[in-house]
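Okay, here's what each chain looks like letter by letter:
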Amino acid sequence: MSFPTTISGKYGWEKVETSSQKHALGTEMVFIDGRRFRYCENGGTAIGEGLLVATEAVVGNHDEDLVVASSGSVGDTALSVTLGGTAAAKDLYKDGYLFINIPVSSTSPHELYKIKGHAAIGSGGTGNINIDEEDGLHTAITAGTDTVGLIKSPYKDVIVCPATLTGTVVGVTINNFTADYFGWVQVAGPSVCKIDGTAGVGLVVGPSSNHAGQVLVVGADTTHQVGRMWGKAGVDNEFHTVFLQNLA
């Protein structure tokens, strides 16, 4: 299935959601007014409108130190990997990434590969991870020494951004996002978010540490920033205009 990577959208398209996938995850849609959106899959729980969404926490038995079961040669389009003690459903990591976590030497690969798909792999089981690159592996990977990690596409299985971040902020919902549906989240430009506190006009806002999915004023450089209040000061627990600043 082939999809365009960027769509020039029409106002209203951002509110469309479907039960079946219509675009590649992460597809960008742009509007002439500067708003930008990314195509996502809901993580399985309905999400209200105007809320920050984020990636799920990574699977601890998949995210690093996975044993390469058989060496991968340059040009191979699949790599045999042994999981830790958690199973992976079919295509859990489709559109995600395989990366070399601990190379055996300074000459070993330090690379990131797009995943095309994979069969279901049981807890502690071994399976092939198919690489979505026509030239295959750029550098040979050595079984038993190089180790790898798997991570989902940031646009797959998004969740309401929790008060304690467990992943990365992806965007803001434009309307109610049905469980297990596909649709758009906004990543840049004029938007509407649910506010925590009374953020002043022009102040930087980020994920609330008090209420899941809301935004509040942030100051420290170490705090995740998503945009600036726009139009007027926010009112606690109400929705107001925020200018999102290129979340993706």
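This structure is a prediction, so every number in the text was calculated from the model and none was measured.

Definitions and limits used
Residues numbered from 1 in each chain as written. Predicted model: local features only at pLDDT ≥ 70, side-chain atom pairs only at ≥ 80, totals over all residues. Heavy atoms only, no water. Helix = DSSP H or I, 4+ residues; strand = E, 2+ residues; numbered from the N terminus. Contact = heavy atoms within 4.5 Å. Lys, Arg positive; Asp, Glu negative; His and termini not counted. Charge placed at Lys NZ, Arg CZ, Asp CG, Glu CD. Buried < 20%, exposed > 50% of the residue type's maximum accessible area, 1.4 Å probe, protein only. Salt bridge = Lys/Arg side-chain N within 4 Å of Asp/Glu carboxyl O. Pairing = 2+ DSSP bridges. Axes fitted to C-alpha atoms, helices over the stretch in contact; angles between N-to-C directions. pLDDT = per-residue confidence, 0-100. Core = buried A, V, L, I, M, F, W, Y, C linked by side-chain atoms within 4.5 Å. Disulfide = S-S within 2.5 Å. Phe/Tyr/Trp six-rings, centres within 6.5 Å; stacked < 30°, edge-to-face > 60°.

The next thing to look at is the overall build of the chain. Each helix and strand in the chain was counted, giving zero helices and 17 strands. On the principal axes, the C-alpha backbone points of the chain span a range of 60 × 35 × 30 Å. Of the contacts formed within the chain by residues at least 6 apart in sequence, a portion of 65% connects residues at least 24 apart. In the chain, 15 side chains carry a positive charge and 25 a negative one; their mean positions are 9 Å apart.

Backbone geometry at aspartate 91 places phi at a positive 60 degrees, although glycine is not the residue there. Position of aspartate 91 relative to the elements: it lies in the loop between β6 (78-82) and β7 (97-102). At aspartate 157, a position not held by glycine, the phi torsion is positive, near 60 degrees. Aspartate 157 gets classed as buried once you look at its relative accessible area, which sits at 11%.

Here the focus is the pattern of salt bridges. By the definition in use, this model includes eight salt bridges. Between arginine 35 and glutamate 14 there is a salt bridge whose closest N-O contact spans 3.9 Å. Here arginine 35, found in the loop between β2 (28-30) and β3 (36-41), pairs with glutamate 14, found in the loop between β1 (6-8) and β2; they are 21 residues apart in sequence, far enough to count as distant. In this structure arginine 35 comes out as buried when scored by relative accessible area, which is 18%. Accessibility expressed as a relative area gives 2% for glutamate 14, which makes it buried. Ionic contacts of the salt-bridge type, sharing partners, join the residues Glu14, Lys15, Asp33 and Arg35 into one network.

Pairing within the closed barrel is antiparallel, and its six strands lie in the order β5-β6-β9-β8-β7-β10. Shown here is a sheet whose adjacent strand axes are inclined to one another by a mean of 50 degrees, direction ignored. As defined by bridge partners, β7 adjoins strand β8 (residues 112-117) across three bridges and the pair is classed as antiparallel. Bridging from a neighbouring strand, tyrosine 97 pairs with lysine 114 of β8.

Moving on, we get to the environment of glycine 26. The topology assignment puts glycine 26 in the loop between β1 and β2. For glycine 26, a relative accessible area of 9% puts it in the buried group. With 218 residues separating them along the chain, glycine 26 and leucine 244 place their C-alpha atoms 17 Å apart.

A low pLDDT score tells you not to read the predicted coordinates there in detail. Of all residues in the chain, 94% have pLDDT values of 70 or greater, and the mean over the chain is 90. Looking across the chain, the model is least confident in β7, with a mean pLDDT of 88, and most confident in β3, with 97.

What follows concerns the nonpolar core. Leu79, Val81, Leu98, Ile129, Val148 and Leu150 are the most contacted members of the largest nonpolar core, which has 19 residues in total. Contributing elements (two or more residues each) for this core: β5 (66-70), β6, β7, β8, β9 (126-131) and β10 (147-151). Counting residues in each nonpolar core, the second largest holds 18 residues, with Leu25, Leu51, Val53 and Trp184 among its members.

Summed over all chains, the structure comprises zero disulfides. Counting only cysteine sulfurs, cysteine 161 is the nearest neighbor of cysteine 193, a cysteine outside any disulfide, at a range of 11 Å. The buried category is assigned to cysteine 193, whose relative accessible area is 1%.

This part covers the environment of lysine 116. With respect to the helices, strands and loops of the structure, lysine 116 is situated in strand β8. Residue lysine 116 is classed as exposed on the basis of its relative accessible area, which comes to 53%. In this structure, the C-alpha to C-alpha distance between lysine 116 and threonine 77, residues 39 residues apart in sequence, is 9.4 Å. Those residues within four positions of lysine 116 in sequence are excluded, and the remaining contacts are Lys94, Asn130, Ile131 and Asp132.

One pass over the structure, following the stated rule, counts five aromatic pairs. Measuring from ring centre to ring centre gives 5.1 Å for tyrosine 39 and tryptophan 184, while their planes differ by 65 degrees; the resulting arrangement is edge-to-face. A residue pair is termed long-range when its members are at least 10 positions apart, and tyrosine 39 in strand β3 and tryptophan 184 in strand β13 (residues 182-194) qualify at 145 residues. One exposure class covers both tyrosine 39 and tryptophan 184, and it is buried. Note on tryptophan 230 and phenylalanine 243: the rings are 6.0 Å apart at their centroids and 90 degrees apart in plane angle, and the pair reads as edge-to-face. In this pair, tryptophan 230 is assigned in the loop between β16 (227-229) and β17 (239-244) and phenylalanine 243 in strand β17, connecting sequence segments 13 residues apart.

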